[in-house]
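Overview (structure and organization)
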Amino acid sequence: MDADIRQAEQAYAMTRARVLRDLLESGRDHDTSRLEEVAVELGLPLADVLVVAGRPVPGSLLPPERDGEVMREFGYRVTFCGHPQLAALGEFLSSMPDEGAAPESRPARDPADPKPFAAVLDGLLRNRGLGLRELPFVGLALPTIRRMLGGGGQSLPALQQVAGPLGWRLEDLAMLAGEPMRPLEHGPLLCRHVGAVFVAAVPRTTRQLALAAREADRLSAREDQGWWQPVSYGVDDCPDACP
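Notes on the structure in this doc start here. The shown structure was predicted, so the numbers you read here are calculated from the model rather than taken from an experiment. (Residues numbered from 1 in each chain as written. Predicted model: local features only at pLDDT ≥ 70, side-chain atom pairs only at ≥ 80, totals over all residues. Heavy atoms only, no water.)

A look at helix α5 (residues 83-95)
Residues lying three or four places apart along an α-helix face the same way, a consequence of the helix completing one turn every 3.6 residues. Between its first and last C-alpha atoms α5 spans 18 Å; for 13 residues at 1.5 Å apiece the expected length is 18 Å, and the two agree. What α5 keeps buried is the set His83, Leu86, Leu89, Gly90 and Leu93. Each buried residue of α5 lies within a common arc of 115 degrees when the element is viewed along its axis, so the set occupies one face. Seen from the open side of α5, the exposed residues pointing more than 90 degrees away from its buried face are Pro84, Glu91 and Ser95. (Helix = DSSP H or I, 4+ residues; strand = E, 2+ residues; numbered from the N terminus. Expected span 1.5 Å × (residues − 1). Buried < 20%, exposed > 50% of the residue type's maximum accessible area, 1.4 Å probe, protein only. Arc of directions from axis to C-beta.)

Comments concerning the packing of α5 against helix α11 (residues 206-220)
Across the interface, α5 lies against α11 with an axial gap of 10 Å and an inter-helix angle of 155 degrees. Accordingly, the angle class assigned to the pair α5 and α11 is roughly antiparallel. At the point where α5 passes α11, the crossing takes the right-handed sense. Packed against α5, whose contacting residues are Gln85, Ala88, Leu89, Phe92 and Leu93, the element α11 presents Leu211, Ala212, Glu215, Ala216, Leu219 and Ser220 at the interface. (Axes fitted to C-alpha atoms, helices over the stretch in contact; angles between N-to-C directions. Parallel < 35°, antiparallel > 145°, perpendicular 65-115°, else oblique. Left-handed = near helix turned anticlockwise from the far one by under 90°. Contact = heavy atoms within 4.5 Å.)

Re the environment of arginine 222
Along the chain, arginine 222 falls in the segment after α11. Sequence separation of arginine 222 and arginine 77 is 145 residues, and the distance between their C-alpha atoms is 8.2 Å. Every residue in contact with arginine 222, bar those within four places of it in the chain, is listed here: Tyr76, Arg77, Phe80 and Asp217.

What to know about the packing of aromatic side chains
Enumeration over the complete set of coordinates arrives at 2 aromatic pairs. Ring geometry for phenylalanine 74 and phenylalanine 198: centres 6.1 Å apart, planes at 75 degrees, overall edge-to-face. Within this pair, whereas phenylalanine 74 is found in helix α4 (residues 68-78), its partner phenylalanine 198 is found in helix α10 (residues 192-200), the two being separated by 124 residues in sequence. The interplanar angle of 80 degrees and the centroid separation of 5.3 Å between the aromatic rings of tyrosine 76 and phenylalanine 80 together place this pair among those described as edge-to-face. Judged on exposure class, the residue tyrosine 76 and its partner phenylalanine 80 are both buried. Over the ring of phenylalanine 80 we find arginine 222, and its NZ or CZ is 5.5 Å from the ring centre. (Phe/Tyr/Trp six-rings, centres within 6.5 Å; stacked < 30°, edge-to-face > 60°. Lys NZ or Arg CZ within 6 Å of the ring centre and 35° of its normal.)

Quick word on the packing of helix α8 (residues 156-166) against α10
The description of two helices packed together rests on the angle between their axes and the distance between the axes. Contact pair α8 / α10: the axes reach a minimum separation of 5 Å and the direction vectors enclose 45 degrees. Considering the angle they form, α8 stands oblique to α10. Judged by residue contacts, Gly164, Pro165 and Leu166 of α8 engage Arg192, Val194, Gly195, Phe198 and Val199 from α10. Tallied by class, the residues present in the contact of α8 with α10 amount to 5 nonpolar, 2 polar and 1 charged. (Nonpolar A, V, L, I, M, F, W, Y, C, P; charged D, E, K, R; others polar.)

A short note on α11
For α11, spanning 15 residues, the distance from its first C-alpha to its last is 21 Å, which sits close to the expected 21 Å at 1.5 Å a residue. All of the buried residues in α11 are Gln208, Leu209, Ala212, Ala213, Glu215, Ala216, Asp217 and Ser220. Here the buried face of α11 lies against α4 and α5. Looking at the residues trailing α11, positive phi occurs at alanine 221, about 55 degrees.

Considerations on the nonpolar core
Note on soluble globular proteins: their nonpolar side chains tend to be buried together. Judged by nonpolar contacts, the single largest core of 60 residues is most densely connected at Leu23, Phe74, Leu93, Trp168, Leu173 and Leu176. In this view, leucine 93 contacts Phe74, Val197, Ala200, Ala201, Arg204 and Ala212; residues no more than four positions away in its chain are not counted. (Core = buried A, V, L, I, M, F, W, Y, C linked by side-chain atoms within 4.5 Å.)

Some remarks on the side chain of arginine 55
The topology assignment puts arginine 55 in the loop between α3 (46-52) and α4. Looking at arginine 55, its side chain comes within polar contact range of the main-chain oxygen of histidine 30, at 2.5 Å. (Polar contact = N/O pair within 3.5 Å; in protein donor to acceptor, adjacent residues only side chain to side chain.)

Points about the pattern of salt bridges
One pass over the structure, following the stated rule, counts 14 salt bridges. Aspartate 172 is the partner of arginine 16 in a salt bridge, and the nearest nitrogen-oxygen pair spans 2.5 Å. Linking arginine 16 in helix α1 (residues 2-26) with aspartate 172 in helix α9 (residues 170-177), this pair joins segments that are 156 residues apart in sequence. Residue aspartate 172 is classed as buried on the basis of its relative accessible area, which comes to 2%. Residues glutamate 73 and arginine 77 are paired through a salt bridge, measuring 2.3 Å at the closest nitrogen-oxygen approach. On the criterion of helical spacing, the pair formed by glutamate 73 and arginine 77 is a turn pair, its members being 4 residues apart in helix α4. Here glutamate 73 falls in the partly exposed class, since its relative accessible area comes to 26%. (Salt bridge = Lys/Arg side-chain N within 4 Å of Asp/Glu carboxyl O.)

So, in structure tokens, the structure goes:
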């Protein structure tokens, strides 16, 4: 039975890898309806599929212009939520009305780039309104993240740490980066369920993010220590890690 499950998982992973590779190499040739189908198949935001495919991202799929410091505070507080609280916070964000004006569309990445992963990673972060200052602490030094966004330093352990805040599977991100999978000594600091909250927050304005940050504190019962801690280390009960 376990062997059957492993075979099914391997077949599923291979299918995802083929679809993602096709997106990366030939996504510009697909029509919009096919890209929408792929987004549903992979369980990814359409904006992410467009980024991988090298297509422009319409403003309606991007975050409105908002205060970076508020986004940073929001992201910090999200990391103190356990899994039931993360689910509740995602529902809280999804229940909010759309208030912000859509920004301008983002142009496609350079099709001549021989190493497109850096541009893809940058696009995935920007799809969520995350920059170097807004990205929650993931156990990586800022120079390491800068190198990744500049086209270097894309090691598997580093990819593991950024996959969680993006809500991506490590296997999918590694395939795009051309990094072979192998067992790692440590798990991610933040899991994909944290990333799901950032996806739910994409349409939200500065005002709404401030409200959501307060809701995160209420759900997590976080006590203010009077100083800035990088991240809560309490998100270690991810159901994905269960045998």
